Structure formats: C-alpha cells, structure tokens
Amino acid sequence: MAENDLAATVHHSDGSYPIIVGRGVLEQLGTRLQQLGVTGQAYIISDENVFRIYGRHAQRSLEAAGIAAHSYSIPPGEESKNLALAEDIYAWLAEIRAERRHAIVALGGGVVGDLGGFVASTFLRGMIFVQVPTSMAAMVDASIGGKVAVNLPQGKNLVGAFYQPSLVLADVDALSSLGQRGLSEGWAEAVKHGLILDPELFDLFEEHAEDLMSLRGDISTEVIRRSMAIKAQVVTEDERETLGRRILLNYGHSIGHALESVTGYGHYMHGEAVSVGMMGAGHISQALGLIPAEVVERQRKVLERFRLPLSAPGIDPDVILDKMTHDKKTEAGSLRWVLLEGVGQSVVRRDVPPDLVRETVQELTL
Ligand SMILES: NC(=O)c1ccc[n+]([C@@H]2O[C@H](COP(=O)([O-])OP(=O)(O)OC[C@H]3O[C@@H](n4cnc5c(N)ncnc54)[C@H](O)[C@@H]3O)[C@@H](O)[C@H]2O)c1
C-alpha cells in the first residue's frame, strides 16, 4: 500500500483522518478498514448507477480482508437525499444488527456521501464512517469536511450535522465512467480551489486542461490530490465554518446558487452554475480594482477549456437578483462576497455596491 497515495490529512477536534487518492485504490478498501480497527461487518451505501459499476469491486476488497460486506443501493439523484430514505436505511441496519464498531461506507457521489454520512452520524449515535467518493464533485469537495445532511421539502441540507469520516478513499479510475459533463462540472470546483488559494494549482490547469479533461496520465491524479489537499487544509483551519475561512470555498456561489435555484436544480449542474458565478465574481473583483482584467481573462480561458458555461443567456436577471436578496435575508445579514485579489488569493467583502451586482448579473444573462 503506497503511502504516497496519501494526499492530505484532515485534523479536527476529535482526531484526524487521511485522504487517500490514486488509481486503483478501491482495492485497498478492505485493508484500510482493517487498519481503522473495523472487524466484522461493513455496510456499503451506494446508488444504483455507481453500485452497478463498482459495488462488486468494493465488496470483494472488504471480503478479502475478512469483513462481511452488506450493501444498500438508493435511486440515483438529489431526490434520494431525504429523511424517508434515511429511515429505510435505519430499518435495514437494525434488521441486520449493525453495531457501532461496524463501518458505513458511502460509495458514490455527494448525494450518497451526504445521506450515508447522515445515517452514520445518527444510527446508534454514530458509527464509523468512510467516504469513497466516485464523482469529481464528491472527490474534490463533498467527501471532505464532515458536512452530512438530508434535504427537506422546504430546502436543501436543512437537517444535518458535522460528522467527520475516518477515511476518504478516492479512486481516480472511477472517474472514467462519469461522462464528459460530469467531469467538466467537477473540474469547476477544483479550478475554484486554485483560484482562491493555490496559484500553482491554477497553473497546472492552464498547462494541462486537455489532458485533465480526458483524465490522461498521472497529471489528473496529481491535480485531484492537490485540490483535495486545499479543501482539507481549509476545513482543518475552520472545522465548523465559524472562523471565516471555509467561506472562501463559496467563490462563485452567490450567483451560482441563485442561478441553480431559479432554473430548477438540474438545468445547470452545480459546477456549471459555479462557473457562471465565478465569472460574475471575477467581474466584480475587477470592477472594484482588486484584480486586473488579465486575471479575469485567465479564469475565463481555463473555464472555457473545461467546456464550462461562462454566462447564462436568456435567464431573467431580476429573478436571479431576487433570489440572491432572499438568500441574503435568510442568512440575516448583508451578502458576503468572496472575491479575488489575484490568482490564488481571495478575500471576503461585504461592501459590494448593489448597482455593481445588478450590472454584473445583467451582463451575465445577456
Ligand atoms: N457535504 C459537503 O460538504 C458537500 C459539498 C458539496 C456538495 N454536496 C452535496 O453533494 C451532492 C452533489 O454531489 P454529486 O455532484 O456527486 O451528485 P450525485 O451524488 O447525485 O452524483 C451525480 C450523478 O453521477 C453518478 N455517478 C457518481 N459517480 C459516478 C461514476 N464514477 N460513474 C458513473 N456515474 C457516477 C451518480 O449516480 C449520479 O447520477 C449534493 O447533494 C450537494 O448538496 C455536499
């Protein structure tokens, strides 16, 4: 087991956990769980798409390490992240007599990770939890940091917890079945990590965009590792989002969230909406004199090479602006903007003039 598969370690108030990233590392699942002290049983929670492709592989690895592998597959998609499904999984776990020292393994995208983590955080007041992210978005973002949740009809992620996994195991080979659009939108979050905190990571995107888009060579693993390490660093510094550090990860999200919401989730994939949002935030950063036009241009070119949208033509700007104002009210404060001060340098500002926001959203929707 190559220790150079270790991309980062997340430290939190109750301990720490490793982030293991590499090609073919799914094979190590069983032995890694053994190292965590898991014996007896593990419960793979997955979705039907992912389980069909990787489920047997994960089960075999667990069984080779002497761990009995049970599995539960949910229908794919955001609609599955709900309390009713969590309850079905609780009933299943109770039926097969799951114990606290057994592990829940979330094998899939962010939906499976959030739901599986929510179940792990609550069943028996907390079971061992392992994240095996298979989508790009789950790898570089959702699997790290311990936010677990389900949605309510009233809104996304309204019921949840901070519950840290004991291990994140990301097999880059799994990304090959994702499809081009899923890859592109996942890369958007990774590019964001470079833009807010790591100029050298951003350079790698500029140098290797096409290789990354086709997952060629070792560069994809290197860049995913580095991007996961950025998220690991941020959540280590600000475990519960109280210190103003974790908010930097929201670069592109003020406009992005509103766009996703007003177009009905599913029209724009999350990373696509964030890409449009990053163009808006870049424009605002430039207008405030924080960055020169050249930085916005570098951002634009990279997003374009990852085949991400740069604008949202035809969407009513007032509807987006209304949604942003509504979100601001529910957060009970002025809208906090994450802006760029350079490539790899970000800042939070509360003083963005409303007229500038309006003009920016209007331009994005032309
Ligand atoms: N906890 C956090 O910090 C955090 C952060 C960001 C997002 N999220 C959550 O993550 C969710 C979005 O995650 P997502 O984008 O991974 O969505 P997802 O889990 O719905 O996965 C997207 C689609 O890709 C498929 N898929 C996943 N891996 C695959 C693979 N290797 N090959 C083929 N198909 C594959 C899934 O079956 C699904 O149809 C949202 O619910 C969001 O709220 C959580």
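In this text the structure is predicted, and so the values were computed from the model without any measurement. (Residues numbered from 1 in each chain as written. Predicted model: local features only at pLDDT ≥ 70, side-chain atom pairs only at ≥ 80, totals over all residues.)

1. Structural notes on the overall build of the protein chain
Next up, step 1: Regarding its fold elements, the protein chain presents 13 helices and 11 strands.
Next up, step 2: By the compact-globule yardstick of 21 Å for 366 residues, the protein chain fits well, its C-alpha radius of gyration being 20 Å.
Next up, step 3: The buried share among the 366 residues of the protein chain stands at 49%.
Next up, step 4: When contacts within the protein chain are restricted to residue pairs at least 6 apart in sequence, those whose partners lie at least 24 apart make up 76%. (Helix = DSSP H or I, 4+ residues; strand = E, 2+ residues; numbered from the N terminus. Rg over C-alpha atoms; globule rule 2.2 N^0.38 Å. Buried ≥ 20, exposed ≤ 12 C-beta atoms within 10 Å, placed from the backbone. Contact = placed C-beta atoms within 7 Å.)

2. Looking at the nonpolar core
Next up, step 1: Within the largest apolar cluster, 114 residues are counted, with the highest numbers of intra-cluster contacts made by Ile19, Ala42, Ile104, Val105 and Met228.
Next up, step 2: Of the residues that make up this core, three or more belong to each of domain 1 (3-177) and domain 2 (188-207 + 230-364). (Core = buried A, V, L, I, M, F, W, Y, C linked by C-beta atoms within 7 Å. Domains from an automatic or database assignment.)

3. So, the sheet that holds strand β9 (residues 167-171)
Next up, step 1: Taken in spatial order, the 7 strands of this open sheet run β1-β2-β9-β6-β5-β3-β4, and their pairing is mixed. Both outer strands of the open sheet, β1 (6-12) and β4 (68-74), are each paired with one neighbouring strand and no more. Each strand axis lies, on average, 20° off the axis of its neighbour in the sheet, ignoring direction.
Next up, step 2: Here 7 bridges tie strand β3 (residues 41-47) to β4, and the two strands are oriented parallel to one another. Bridge pairing links Asp47 to Ile74 in β4. (Pairing = 2+ DSSP bridges. Axes fitted to C-alpha atoms, helices over the stretch in contact; angles between N-to-C directions.)

4. What to know about unusual backbone geometry
Note on backbone geometry: most residues besides glycine have negative phi, and most peptide bonds are trans.
Next up, step 1: If you check the backbone angles, Arg97 has positive phi at about 60° while not being a glycine.
Next up, step 2: Structurally, Arg97 can be placed in the loop between α3 (83-95) and β5 (103-108).
Next up, step 3: The phi dihedral of Arg307 is positive, around 55°, even though this residue is not glycine.

5. Describing helix α13 (residues 354-364)
Next up, step 1: Of all the positions in α13, only Val357, Thr360, Val361 and Leu364 are classed as buried. One side of α13 holds all its buried residues, which, seen down the axis, span an arc of 95°. (Arc of directions from axis to C-beta.)

6. Observations regarding the packing of helix α10 (residues 270-287) against helix α11 (residues 293-305)
How two helices pack is summed up by the angle between their axes together with the distance between the axes.
Next up, step 1: Contact geometry for α10 and α11: axes closest at 9 Å, N-to-C directions at 170°. Classed by the angle they form, the pair α10 and α11 counts as roughly antiparallel. Of α11, the residues touching α10 (which contributes Ser275, Met278, Met279, Gly282, His283 and Gln286) are Ala293, Val296, Gln299, Arg300 and Leu303.
Next up, step 2: Class assignment of the residues belonging to the contact of α10 with α11 gives a composition of 5 nonpolar, 5 polar and 1 charged. (Parallel < 35°, antiparallel > 145°, perpendicular 65-115°, else oblique. Nonpolar A, V, L, I, M, F, W, Y, C, P; charged D, E, K, R; others polar.)

7. Quick word on the site of the ligand
Next up, step 1: Around the ligand, 29 residues are found, and the nearest of them are Asn49, Gly109, Gly110, Ser135 and Ala142.
Next up, step 2: Counting residues per element, the ones that place at least two in the shell around the ligand are α2 (48-64), α4 (110-122) and α5 (136-142).
Next up, step 3: Here the shell around the ligand is built from residues that sort into 11 nonpolar, 12 polar and 6 charged. (Near = placed C-beta within 6 Å.)

8. Details of the domain arrangement of the protein chain
Next up, step 1: For the protein chain, the assigned domains read domain 1 (3-177) and domain 2 (188-207 + 230-364).
Next up, step 2: Distance from the C-alpha centre of domain 1 to the C-alpha centre of domain 2: 29 Å.
Next up, step 3: Taken residue by residue, the interface counts 13 residues in domain 1 and 12 residues in domain 2.
Next up, step 4: Elements that contribute at least two residues to the side of domain 1 that touches domain 2 include exactly β1 and α5.
Next up, step 5: It is β1 that provides the largest number of residues to the side of domain 1 that touches domain 2, a total of 4 residues.

9. Thoughts on the pairing of β3
Next up, step 1: Of all 7 residues making up β3, 6 are buried, and the element is well covered by its neighbours.
Next up, step 2: With respect to chirality, the unit in which β3 leads through α2 into the neighbouring parallel β4 is right-handed. (Right-handed = clockwise from strand over helix to strand, strands pointing away.)

10. Remarks on the environment of Gly55
Next up, step 1: Position of Gly55 among the secondary structure elements: in helix α2.
Next up, step 2: Separated by 48 residues in the primary sequence, Gly55 and Ala7 have C-alpha atoms spaced 24 Å apart.
Next up, step 3: Those residues in contact with Gly55 that sit more than four places away from it in its chain are Ile44, Ser46 and Ser71.

11. Considering the pairing of strand β2 (residues 15-22)
Next up, step 1: Counting buried residues along β2, 6 of its 8 residues qualify, which places the element largely inside the surrounding structure.
Next up, step 2: Hairpin connection between β1 and β2: a loop of 2 residues separates the two successive antiparallel strands.

12. Here's the deal with the packing of helix α6 (residues 180-197) against helix α7 (residues 199-213)
Next up, step 1: Direction vectors running N to C along α6 and α7 enclose 165°, while the axes themselves pass 10 Å from each other. Relative to α7, the element α6 is oriented roughly antiparallel. Remark: the crossing between α6 and α7 carries right-handed chirality. Facing α6, whose interface residues are Leu183, Trp187, Val191, His193, Gly194 and Leu195, α7 presents Leu201, Phe202, Phe205, Leu212 and Met213.
Next up, step 2: Residue composition of the contact of α6 with α7, by class: 9 nonpolar, 2 polar and no charged. (Left-handed = near helix turned anticlockwise from the far one by under 90°.)

13. Examining the environment of Glu239
Next up, step 1: By secondary structure assignment, the location of Glu239 is in the loop between α8 (219-237) and α9 (253-262).
Next up, step 2: Classification of Glu239 as buried rests on a count of 20 C-beta atoms within 10 Å.
Next up, step 3: Sequence separation between Glu239 and Pro75 is 164 residues; the distance between their C-alpha atoms is 31 Å.
Next up, step 4: For Glu239, the residues in contact, after removing those within four places along its chain, are His12, Ser13 and Phe162.

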